[in-house]
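# Fold and contact review
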Amino acid sequence: KVVLTYNFDVADAVLSQVVLADVPTSAPFVEPAVDGVLSFFPEGAVATNFTDNVVAVEGAGTTSGTLTWYVSDNIRGAVEEFTEQSLKNPASAPEHSTHIKFSANATNSTKIYHYSLYVGEDNCGDFNVYRGNTYNITVNIDDKGTEIDRRIEVETPPVIIIDPWVEPANCYMV
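Let me begin by describing the structure that accompanies this report.

Rules and cut-offs
- Residues numbered from 1 in each chain as written.
- Predicted model: local features only at pLDDT ≥ 70, side-chain atom pairs only at ≥ 80, totals over all residues.
- Heavy atoms only, no water.
- Core = buried A, V, L, I, M, F, W, Y, C linked by side-chain atoms within 4.5 Å.
- Buried < 20%, exposed > 50% of the residue type's maximum accessible area, 1.4 Å probe, protein only.
- Helix = DSSP H or I, 4+ residues; strand = E, 2+ residues; numbered from the N terminus.
- Contact = heavy atoms within 4.5 Å.
- Pairing = 2+ DSSP bridges.
- Axes fitted to C-alpha atoms, helices over the stretch in contact; angles between N-to-C directions.

### Considering the nonpolar core
- The biggest cluster of nonpolar side chains holds 24 residues, and the ones touching the most others in it are Leu4, Val18, Trp69, Ile100 and Phe102.
- At the level of secondary structure, the elements contributing two or more residues to this core comprise β1 (2-9), β2 (13-24), β6 (64-69), β7 (99-106), β8 (112-118) and β9 (135-142).
- The biggest single contributor to this core is β2, with 5 residues.
- The residues touching Val18, leaving out its near neighbours within four places in the chain, are Leu4, Asn53, Val54, Val55, Val57, Leu67, Trp69, Ile100, Lys101 and Phe102.
- By size, the runner-up hydrophobic cluster in this structure holds 5 residues, among which are Leu87, Ala93, Tyr118 and Phe127.

What follows is the structure in structure tokens.
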């Protein structure tokens, strides 16, 4: 079970959706173990073993809420060298690690901001989600800090420039 309580307070951006991404599409009856040691589950090489649970944020300007998801085991491993939360980011996470992705649209441009927060046994290096556990996550996203956060990705859609001197056609093709 993943329980997310969030507060979004970023000037010039509107929260558009929250996604629990890379959620396993199946659950084993017994704990996935090989010789008594928990093994990776589900098989990460098969993309159809995972799905995304998208939650559209109700109403423009929504800034806070609580969401709950029920998920199966997703054993992706741990990286002991990670000692800071910001190291648990899309560039360094094991493939198909369960994570929460916030998307926000800039109000003064076409940019889209994505903030990824990885679920696991700790805040720094563990990417494992186990059955029977409750992961209570409280996150405050704001633009008050001065540090660069590696968990934020900026998407800039291409800009299409239409020549103002070109007249639109008065016909179309079928």
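### Focus on the sheet that holds β1
- Across the sheet, which stays open at both edges, the 3 strands sit in the order β6-β1-β9 with mixed pairing between neighbours. Unpaired on one side and paired on the other, β6 and β9 mark the two borders of the sheet. The sheet shows a mean angle of 15° between the axes of neighbouring strands, taken without regard to direction.
- One ladder, built from 8 bridges, connects β1 with β9; its direction is parallel. Bridge pairing in β9 links Asp9 to Asp142.

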